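# Summary of the model geometry
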Amino acid sequence: MNEILVALGGLLIIATIVWWFWLSIPRAVRGAINRVIEIRVEGGVYQPAAIEIPAGKPLTLRFLRIDVTPCAEKVVFSDLAISADLLLNRPHEITLPALQPGIHEFTCQMGMYRGKLIAK
Ligand SMILES: [Cu+2]
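This is a predicted model, so every value here is computed, not measured. (Residues numbered from 1 in each chain as written. Predicted model: local features only at pLDDT ≥ 70, side-chain atom pairs only at ≥ 80, totals over all residues. Heavy atoms only, no water.)

### Side note on the overall build of the chain
Looking only at helices and strands, one finds 1 helix and 10 strands in the chain. What you see in the chain, going N to C, is helices and strands ordered as α-β-β-β-β-β-β-β-β-β-β. Considering the chain as a whole, with its 120 residues, one finds that 33% of them fall into the buried category. Here the chain has roughly 7,500 Å² of accessible surface; of this, 62% comes from carbon and sulfur atoms. (Helix = DSSP H or I, 4+ residues; strand = E, 2+ residues; numbered from the N terminus. Buried < 20%, exposed > 50% of the residue type's maximum accessible area, 1.4 Å probe, protein only. Areas by Shrake-Rupley, 256 points an atom, 1.4 Å probe, with all protein chains shown as cover.)

### Some thoughts on the sheet that holds strand E3 (residues 45-47)
Across the sheet, which stays open at both edges, the 4 strands sit in the order E3-E2-E5-E8 with mixed pairing between neighbours. Across the chains shown, the open sheet's two edge strands, defined by having one partner strand only, are E3 and strand E8 (92-96). Put simply, the sheet's adjacent strands are angled 25 degrees from each other on average, direction ignored. Sheet analysis places strand E5 (residues 59-65) next to E8, joined by 5 bridges and oriented antiparallel. The partner of leucine 59 across the bridge, within E8, is leucine 96. (Pairing = 2+ DSSP bridges. Axes fitted to C-alpha atoms, helices over the stretch in contact; angles between N-to-C directions.)

### Some thoughts on the coordination of the copper ion
Of the protein atoms, only Cys71 (SG) and Cys108 (SG) coordinate the copper ion, at distances of 2.0 to 2.2 Å. With cysteine 71 in the loop between E5 and strand E6 (74-77) and cysteine 108 in the loop between strand E9 (102-107) and strand E10 (114-119), this pair connects stretches of sequence that are 37 residues apart. (Donors = N, O, S within 2.8 Å, 3.2 Å for Na, K, Ca; no water.)

### Considering the packing of aromatic side chains
Both the distance between ring centres and the angle between the ring planes are used here to describe each pair of aromatic rings. Within the structure shown, the criterion is met by 6 aromatic pairs. Pairing tyrosine 46 with tyrosine 113 gives two aromatic rings, centres 6.0 Å apart and planes at 75 degrees, and the pair type is edge-to-face. Taken together, the residues tyrosine 46 in strand E3 and tyrosine 113 in the loop between E9 and E10 connect sequence positions 67 residues apart. Its relative accessible area of 2% is what places tyrosine 46 among the buried residues. Connected via pairs of aromatic rings, a cluster forms that spans Tyr46, Phe63, Phe77, Phe106 and Tyr113. (Phe/Tyr/Trp six-rings, centres within 6.5 Å; stacked < 30°, edge-to-face > 60°.)

### Let's talk about unusual backbone geometry
A cis amide bond links glutamine 47 to the next residue, proline 48, at an omega of 0 degrees. Residue position: proline 48 is located in the loop between E3 and strand E4 (50-53). In this structure, alanine 81 takes a positive phi of about 55 degrees despite not being glycine. Within the secondary structure, alanine 81 is located in the loop between E6 and strand E7 (82-85). Accessibility expressed as a relative area gives 72% for alanine 81, which makes it exposed. The backbone of asparagine 89 sits at a positive phi, close to 60 degrees, despite the residue not being glycine.

So, in structure tokens, the structure goes:
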């Protein structure tokens, strides 16, 4: 009986992890034009994780990493070939070039933390 409970508990934890990292859909936040957009890295997520931005205009993102996990120490914009190291509790600004309309993802180096810029 106990083994079954342990197994069920394990399954529940796995399901939660899968949902957390891959299935949960972040709500889009609109980034104001000509303003630095601040993104917090905390508790296993980027906050906000979905940001609407105007296409065709350079923009600056300011990452603030509060998350101590090594996972959080790098942010990668793979389709833009940009990456940066994030120091703990130290804001790090990344200026992006004007983006094509579409979705530009940013992730940790293993793709577990996920965020996206929605350029329109
Ligand atoms: Cu990671």
